[in-house]
Amino acid sequence: MIGTLVATAFWAMLPAYVPNNAAVLAGGGRPIDGGREWRGARLLGDGKTWRGTAVGTLVGVLLALALNALAAPASAALGSDLPTFALPAAFALAFGAMCGDIGASFLKRRSGRERGAAFPGLDQLDFVVGALGLVFLVDTDWALAAFTPGVLAVVLVMTPVLHVVTNVGAYALGVKNEPW
Ligand code: CTP
Ligand code: K
Ligand code: MG
């Protein structure tokens with residue numbers, strides 16, 4: 001039962017988990033804020049770029065489409081129905097995750113944190129709030145069916161753990177500048 005919930009939560013959130021990691025690999029180029037400042041600090045900072053955001057979103061959507069092709073055999077193996085992703089839901093999960101991360105950078109700059117500074121709690125959940133917020137807004141029926149209360153609870157507990165593990169891993173591999 002809990003195994004099924006964890007598998008479903010991981011599957012449903014994968015299109016939201018991967019964009020931020022893809023952005024780390026693809027980042028660079030023009031910052032979204034164009035270097036603009038607001039109230040004595042950068043609006044977002046050099047860590048939020050057009051290219052990172054676009055590539056991250058695209059990778060998340062493509063991953064959702066790949067999962068759609070695997071949903072039938074994966075559901076059979078699990079013995080439980082895994083969700084498939086309609087295009088609006090796929091886009092909302094991926095782009096919402098990127099927006100949550102961008103919103104967090106806005107808040108970091110407002111609170112005097114430089115690019116790369118940690119903001120415990122926000123760092124681990126910004127993209128979840130963005131992804132779930134946008135997908136419930138854009139495709140409410142799909143979101144209610146995929147994210148039942150049990151799945152939602154697992155997502156909120158599992159995501160911070162996965163975030164810490166992937167970021168420490170990416171830092172150890174030299175892909176990321178900070179382990180958060
Ligand atoms: N990145 C990007 N565009 C985004 C998100 C991330 O280009 N929308 C890339 C940037 O190269 C960024 C790296 O991924 O430096 C790591 O992302 P993140 O940790 O979110 O950014 P930080 O550099 O730590 O900046 P911030 O303090 O604003 O979070
Ligand atoms: K971040
Ligand atoms: Mg960072």
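Residues numbered from 1 in each chain as written. Chains lettered and ligands numbered in written order. Predicted model: local features only at pLDDT ≥ 70, side-chain atom pairs only at ≥ 80, totals over all residues. Heavy atoms only, no water.

In the nomenclature of an unreviewed UniProt entry, the protein is known as CDP-archaeol synthase of Halorubrum ezzemoulense DSM 17463. As recorded by UniProt, the Pathway (unreviewed entry) comment attached to the protein reads in full: "Membrane lipid metabolism; glycerophospholipid metabolism." Recorded under Catalytic activity (unreviewed entry), the UniProt text for the protein is reproduced unchanged: "2,3-bis-O-(geranylgeranyl)-sn-glycerol 1-phosphate + CTP + H(+) = CDP-2,3-bis-O-(geranylgeranyl)-sn-glycerol + diphosphate". (UniProt positions renumbered as here; feature names shortened; annotations may be inferred.)

Caption draft 1: Structural view of the overall build of the protein. Helices and strands together make up the secondary structure of the protein, namely six helices and two strands. The order of helices and strands in the protein, counted from the N terminus, is α-β-β-α-α-α-α-α. Against the compact-globule benchmark of 16 Å for 180 residues, the protein has a radius of gyration of 17 Å, which places it among compact chains. Each principal axis of the C-alpha distribution contributes one length, and for the protein these read about 55 × 30 × 25 Å. Considering the protein as a whole, with its 180 residues, one finds that 42% of them fall into the buried category. Pairs at least 24 apart in sequence give 70% of the contacts found in the protein among residues at least 6 apart. Carbon and sulfur atoms make up 69% of the accessible area of the protein, which totals about 9,100 Å². Taken as two groups, the 12 positive and 11 negative side-chain charges of the protein have centres that lie 10 Å from each other. (Helix = DSSP H or I, 4+ residues; strand = E, 2+ residues; numbered from the N terminus. Rg over C-alpha atoms; globule rule 2.2 N^0.38 Å. Buried < 20%, exposed > 50% of the residue type's maximum accessible area, 1.4 Å probe, protein only. Contact = heavy atoms within 4.5 Å. Areas by Shrake-Rupley, 256 points an atom, 1.4 Å probe, with all protein chains shown as cover. Lys, Arg positive; Asp, Glu negative; His and termini not counted. Charge placed at Lys NZ, Arg CZ, Asp CG, Glu CD.)

Caption draft 2: Seen up close, the pattern of salt bridges. Scanning the entire structure with this criterion turns up four salt bridges. The partner of Arg42 in a salt bridge is Asp33, with the nearest N and O atoms 2.8 Å apart. By relative accessible area, which is 2% here, Asp33 ends up buried. Residue Lys108 pairs with Asp123 through a salt bridge whose shortest N-O separation is 2.9 Å. (Salt bridge = Lys/Arg side-chain N within 4 Å of Asp/Glu carboxyl O.)

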